[in-house]
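So you can see what is in the structure, the chains are spelled out below.
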Amino acid sequence: MDHRWPADVTLPAADLPLRERLRLLCDYARLAPSIRNSQPWRFVLHDDAVEVWAVRERALPVADPDARGLTISCGAALAYLEIAARAASLATTIERLPDPATPDLLGRLQVTGKAPPATEDPWFFQAIPKRRTHRGVYSGHPVSAGLLRRLEELAANAGTTLRILKGDDRQQLVELIKSADRQQRQDPAFCTELATWVGPELSGHRLGLPAHRIEASAILAGEITRLRRFAGTVPEAPNDDNDNDNDNDNDNNNDNNNNDTPHIAVDLMIDDLDDLLSDDGAEKLRLLSVSRRAPESAATGGRIPGIRPPSRPPPPDPTSDRELDSGIPVLAVLTTPSDDAKAWLVAGETLARVLLRGRVDHLWASFFGQVIEVASARATLHTHLGADAWPQVVLRLGYAGDLAPTPRRALSCQLNEA
């Protein structure tokens, strides 16, 4: 692995008391991915250990009635904690579900001494603040077979399976995702729950998914599901009067400016997934993009400044394998051989490592949660994959420009002293 980032993450000083070092490492664990950015965990700090507890008050009873997604989220936080500790040259052990009488205690990281970090630990640690859930349009650049093999091996080493779907298997999953999404949009209870996790109302708590204020009402009307739309960032719109050959270079430079780049939301339903998967679909997404700084353009259907219509004709066959691959270079399912709380926890730990390993090579990911959240769709996928393959996460992997991180609660709100 070639190191491609500056050293902008900091390990706690080795001469600090162990308890204080663990406190600082928890600051990285809170950056783990979680369902709807609910951050459903609480860290309990001991002198030589950290416990990860589930916070049931932030569960999603409609989308996640069995707390599967909650447990996977806490598993990812546990993995982040372990990665940070190992990068800090701490030898650790992990206990999963250590006390059957205390089901909210999901995991405990125990420091057992000192040890040099394993080969990949510093790389994974470096990637923690650079990981995002990227719901934007991915480029058609293919993901190398070598990288996919490494991700598959990483999952296998944890006792799980990362299945890269191709051909008919892939298309069947796409259709299953679309069907599950329609089913969710027709469920008023789901729409109500989703609306509570989207928009500015939770911004003060740094929970949920930031979105334009008009979206919650649209969700409640069953018109839009925010998680099923692809949002990201766009560069500042160039001046139309300065049309020249340097526009591409300017766009690339602006893509790297994470702090000043406005967020966008895209009016595209999952029913239009075939368009998203096509090369022409990327252009459609650009034309449908609505900047937060110009919401009136969405209402009037006006042209967004700086976004040009496609310069090439639409592809002759948008359902061909080539066009499908241009929008979602990789569609994958993370599975476990069993389907209980411990398996969900391991799935979350594996997911964290897969996402971080991908980021080392600048790979982005987002999730198609519909097919996992709708019980009948998940059962169908399980039958298709095989009796020993319980689907836990459906991933979209590919390359795209950078984007700003989703807010996280302060560590002081997530940490308790033992």
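Note that the structure is predicted; figures quoted are calculated from it, not measured.

### Considering the overall build of the chain
Inference 1: Looking only at helices and strands, the chain features 15 helices and 12 strands.
Inference 2: The buried share among the 418 residues of the chain stands at 53%.
Inference 3: Long-range contacts, defined as pairs at least 24 residues apart, comprise 77% of the intrachain contacts of the chain with a sequence gap of at least 6.
Inference 4: A total accessible area of about 18300 Å² is found for the chain, and carbon and sulfur atoms account for 50% of it.

### Structural notes on the pattern of salt bridges
Inference 1: One pass over the full model with this rule turns up 18 salt bridges.
Inference 2: A salt bridge links E417 to R19, with the shortest nitrogen-to-oxygen separation between them at 2.7 Å. Of the two residues, E417 sits in strand β12 (residues 415-417) while R19 sits in helix α1 (residues 18-29), which places them 398 residues apart along the sequence.
Inference 3: Taking the relative accessible area as the measure of exposure, E417 reaches 44% and is therefore partly exposed.
Inference 4: For R353, the salt bridge is made with E82, and the minimal N-O distance between the two is 2.6 Å. With R353 in helix α13 (residues 341-360) and E82 in helix α2 (residues 68-87), this residue pair connects regions lying 271 residues apart in the sequence. Accessibility assignment for this pair places R353 and E82 in one class, buried.

### Description of helix α4 (residues 145-157)
Every α-helix carries 3.6 residues per turn, so stepping three or four residues along brings you back to the same face.
Inference 1: With 13 residues, α4 extends 18 Å between its outermost C-alpha atoms, agreeing within 8% with the 18 Å of an ideal straight helix rising 1.5 Å per residue.
Inference 2: For α4, every residue scored as buried is listed here: G146, L147, L148, L151, L154 and A155.
Inference 3: If you follow the buried residues of α4, they end up packed against α3 (121-127), β5 (161-165), β9 (330-336), α13 and β11 (390-398).
Inference 4: G159, located one to two residues past α4, shows a positive phi value of around 80°.

### Overview of the confidence of the model for the chain
Inference 1: Mean pLDDT over the chain stands at 76; residues scoring 70 or higher make up 68%.
Inference 2: Contacts of residues 1-7 to residues separated by more than four positions or lying in other chains number 18 contacts, the stretch itself having pLDDT below 50.
Inference 3: In this model residues 224-326 is a low-confidence stretch, pLDDT under 50, and it forms 175 contacts with partners more than four residues away in sequence or in other chains.

### Points about the sheet that holds strand β1 (residues 41-45)
Inference 1: Read from one edge of the open sheet, five strands run β3-β4-β2-β1-β12, paired in mixed fashion. Single-partner strands in this sheet number two, and they are β3 (90-96) and β12. Ignoring which end each strand starts from, the neighbouring axes of this sheet average 25° apart.
Inference 2: Helix-sheet contacts for α2 involve β1, β2 (49-54), β3 and β4 (105-114), and the interaxial angle to β3 is about 165°.

### A short note on the side chain of R396
Inference 1: Mapped onto the elements, R396 comes out in strand β11.
Inference 2: By relative accessible area, R396 is classed as buried at 0%.
Inference 3: A polar contact is formed between the side chain of R396 and the backbone oxygen of H134, at a distance of 3.2 Å.

### Quick look at unusual backbone geometry
Inference 1: Residue A67 is not a glycine yet carries a positive backbone phi of 60°.
Inference 2: Tracing the backbone through its elements, the reader meets A67 in the loop between β2 and α2.
Inference 3: Classification of A67 by relative accessible area gives buried; the value is 11%.
Inference 4: Located in the positive-phi region is H362, a residue other than glycine, with phi close to 65°.
Inference 5: As for its placement among the helices and strands, H362 is situated in the loop between α13 and β10 (364-367).
Inference 6: Judged by its relative accessible area of 29%, H362 is partly exposed.

### Quick notes on the sheet that holds β9
Inference 1: Strand order across the open sheet formed by four strands is β5-β9-β11-β10, with antiparallel pairing between neighbours. Each edge of the open sheet carries a strand with a single partner, namely β5 and β10. Going from strand to strand, the sheet's axes swing by 35° on average, the running direction of each strand aside.
Inference 2: Of the pairings in the sheet, the one linking β9 to β11 comprises seven bridges and is antiparallel in character.

### Examining the nonpolar core
Inference 1: Counting residues in hydrophobic clusters, the biggest one holds 65 residues, and the most contacted among them are L22, L25, F43, F125, L151, L162 and L395.
Inference 2: Beyond its immediate stretch of four places on either side in the chain, L22 contacts L45, H46, D47, D48, A49, V50, L90, L109 and V111.
Inference 3: L173, V174, I372 and A389 belong to the second-largest nonpolar core, a separate cluster that totals 18 residues.

### Brief notes about α1
Inference 1: Under the 1.5 Å per step criterion, the end-to-end length of α1 is 16 Å for 12 residues, consistent within 8% with the ideal 16 Å.
Inference 2: Those residues of α1 lying buried are R21, L22, L25, C26, Y28 and A29. Axial view of α1: buried residues confined to an arc of 150°, hence all on one face.

### Some details on the packing of aromatic side chains
Inference 1: Taken as a whole, this structure holds two aromatic pairs when the rule is applied.
Inference 2: Here R359 stacks its cationic end above the ring of W364, 3.8 Å away from the centre of that ring.
Inference 3: If you follow R396 out to its NZ or CZ, it ends over the ring of Y138, 3.7 Å from the centre.

### Observations regarding the packing of α4 against α13
Inference 1: Interaxial distance between α4 and α13 falls to 9 Å at its minimum, and their mutual angle equals 160°. The angle between α4 and α13 places the two elements in the roughly antiparallel class. Our pair here, α4 against α13, has a crossing hand that is right-handed. Facing L147, R150, L151, L154 and A155 of α4, the residues of α13 in contact are T350, R353, V354, R357 and G358.
Inference 2: Within the contact of α4 with α13, the residues separate by chemical class into five nonpolar, two polar and three charged.

Definitions and limits used
- Sequence order as written defines residue numbering, which begins from 1 separately in each chain.
- pLDDT decides what is reported in this predicted model: residues at 70 or higher carry local features, side-chain atom pairs at 80 or more are listed and counted, and totals for whole chains, interfaces and linings draw on all residues regardless.
- Heavy atoms from the whole structure form the basis of all side-chain values; hydrogens and water molecules are not counted.
- Runs of H or I in DSSP of at least four residues are treated as helices and runs of E of at least two as strands, each being numbered from the N terminus.
- Between buried and exposed lies partly exposed: a residue is buried under 20% and exposed over 50% of the maximum accessible area for its type, with that area taken using a 1.4 Å probe on protein chains only.
- Contact definition: two residues touch when any of their heavy atoms are within 4.5 Å.
- Methods summary: accessible areas were calculated by the Shrake-Rupley approach with a probe of 1.4 Å, and residue burial reflects only the protein chains presented.
- We define a salt bridge as a side-chain nitrogen of Lys or Arg found within 4 Å of a carboxyl oxygen belonging to Asp or Glu.
- Between the first and last residue of a helix there are one fewer steps than residues, each counted as 1.5 Å, and that sum is the expected span.
- pLDDT: the predictor's confidence for each residue, scored from 0 to 100.
- The rule for pairing is simple: two strands pair if DSSP sees at least two bridges between them.
- Each axis is a line fitted through C-alpha atoms, taken for helices only over the stretch in contact, and angles between the N-to-C directions span 0 to 180 degrees.
- Pairs of N or O atoms within 3.5 Å make up the polar contacts considered here, provided that, within protein, one atom can donate a hydrogen while the other can accept it, and that residues adjacent in sequence are counted only when both atoms are side-chain atoms.
- Here the nonpolar core consists of buried residues drawn from Ala, Val, Leu, Ile, Met, Phe, Trp, Tyr and Cys, with membership extended through side-chain atoms lying within 4.5 Å.
- Arc definition: it is the arc formed by the directions from the helix axis to the C-beta atoms.
- Note on aromatic pairs: the rings of Phe, Tyr and Trp (six-membered ring only in Trp) are paired at centre separations within 6.5 Å, and the planes decide the class, stacked below 30 degrees, edge-to-face beyond 60, tilted for the rest.
- Either the NZ atom of lysine or the CZ atom of arginine qualifies as a charge over a ring when it sits within 6 Å of the ring centre and within 35 degrees of the ring normal.
- Comment on the angle field: the value is read as roughly parallel under 35 degrees, roughly antiparallel over 145, roughly perpendicular from 65 to 115, and oblique elsewhere.
- What makes a crossing left-handed is the near helix being turned counterclockwise from the far one by less than a right angle; a clockwise turn instead makes it right-handed.
- Amino acids outside the nonpolar list (Ala, Val, Leu, Ile, Met, Phe, Trp, Tyr, Cys, Pro) and the charged list (Asp, Glu, Lys, Arg) are all regarded as polar, and Gly is one of them.

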